Amino acid sequence: GAVVSQHPSWVICKSGTSVKIECRSLDFQATTMFWYRQFPKQSLMLMATSNEGSKATYEQGVEKDKFLINHASLTLSTLTVTSAHPEDSSFYICSAGTSGIFGLLNEQFFGPGTRLTVL
Amino acid sequence: QKEVEQNSGPLSVPEGAIASLNCTYSDRGSQSFFWYRQYSGKSPELIMSIYSNGDKEDGRFTAQLNKASQYVSLLIRDSQPSDSATYLCAVLPYNTDKLIFGTGTRLQVFP
C-alpha cells in the first residue's frame, strides 16, 4: 500500500502554545487529505477534509480558527493546533487518498499518528 | 444519518481458528468498503478493500460483501496472536469523500 508519514510522532507542549503537525504522502499524490482525532478507547473522529489548493472543510463542532489546516501541495498537509490546552491532548492521525476512476475517493491510507500532550 | 455498525467485542478465538468479523451499513448507495486493523496506540492500517458483491481473498484474509443485505464481513483464517487488534469497518457512501467508520471490533487470539 501507499505510504503516509507524519511528523512529529509525539509532542509535549505547554498550554497556550501552538503545535504544527505535518502529513506527507511519500509515494503518491494525494488529491484529498483528512485529519482525524482519537481519544483513548474511542473511535476515530473526522476533524476536517482538505484538498490541495483549497480551504479545508471542517466537521461540525470543530473550530476552524483553532485547528488550522493547510494543504499546500499534493503531497503535504499541515495541521496547526493553536493555543493548545490540556483538553486538546489526543492522538491526531492524518490520512491521504487518491481519486478513483469516477473521480471519487479510492483507498485512504493513514499516517502513523501524532500523540499530542498539552501540559 | 449514515451509519456503520459493528459488534464491539471482544471476540476471542483460539490460535489457528477462523475469526469472523461482521459489519452492517445503512447507506444502500455505498460503493466502497474497507477493513482496517488498528493495534493499540497505533494508527489504522488498511488490510482489505472490496467493491463488488462476493468474496475477495488476500492471504489469510477474506472479505465478503452482500450489498442486498448491506453487510460486509472479514474472515481471518489460521488466526495468530499477532492478529489481536481492533478491526474497523469503513464504508464510503455514494458521492462523498468521507469514510464512515464503525466503532470497531476488538479481536483477541489466545495461544
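See the structure printed just above.
The model shown is predicted, which means the values in this text are computed figures rather than measured ones.

K.L.:
Explain the interface of chain A and chain B to me, and be specific about the residues and the numbers.
P.N.:
When the parts of a complex come together, some accessible area is lost, and that lost area is often used as the size of the interface. Contacts between the two partners involve 22 residues from chain A and, on the opposite side, 20 residues from chain B. Note on chain A versus chain B: buried area summed over both sides is about 1500 Å², and carbon and sulfur give 56% of it. Where chain A packs against chain B, one counts one salt bridge. Across the salt bridge formed by glutamate 59 of chain A and lysine 98 of chain B, the nearest N and O atoms sit 2.7 Å from each other.

K.L.:
For the pattern of salt bridges, give the residues involved together with the corresponding values.
P.N.:
Side chains carrying opposite charge are able to pair once their charged atoms draw close together. One pass over the structure, following the stated rule, counts six salt bridges over all chains. Between aspartate 88 of chain A and lysine 66 of chain A there is a salt bridge; the shortest N-O distance is 2.9 Å. Within this pair, whereas aspartate 88 of chain A is found in the loop between β8 (76-81) and β9 (90-99), its partner lysine 66 of chain A is found in the loop between β6 (57-58) and β7 (67-73), the two being separated by 22 residues in sequence. Of the charged contacts in the structure, one is a salt bridge between arginine 77 of chain B and glutamate 57 of chain B, with a shortest N-O distance of 3.5 Å. Of this pair, arginine 77 of chain B sits in the loop between β8 (71-76) and β9 (85-92) while glutamate 57 of chain B sits in strand β6 (residues 54-58), and the two are 20 residues apart along the sequence. Owing to a relative accessible area of 61%, glutamate 57 of chain B belongs among the exposed residues under this scheme.

The rules behind these values
Numbers given for residues are sequential positions, taken from 1 along each chain in its written order. Chains carry letters and ligands carry numbers; both start at the beginning, A for chains and 1 for ligands, and go up in the order they are written. Totals for whole chains, interfaces and linings use every residue, but because this is a predicted model, local features are given only for residues with pLDDT of at least 70 and side-chain atom pairs only at 80 or more, for both listing and counting. In computing side-chain properties, one takes all heavy atoms of the structure into account and sets aside hydrogens as well as water. In what follows, residue pairs with any heavy atoms lying within 4.5 Å of each other are defined as contacts. Buried area is understood as the total, over both parts, of accessible area removed when two parts are fitted together, assessed with a 1.4 Å probe. When a carboxyl oxygen of Asp or Glu lies within 4 Å of a side-chain nitrogen of Lys or Arg, that pair is called a salt bridge. Runs of H or I in DSSP of at least four residues are treated as helices and runs of E of at least two as strands, each being numbered from the N terminus. Think of it in three bands: with a 1.4 Å probe and only protein chains considered, a residue is buried below 20% of the maximum accessible area for its type, exposed above 50%, and partly exposed in between.

Purely geometric stuff here, so don't read any function into it on its own.
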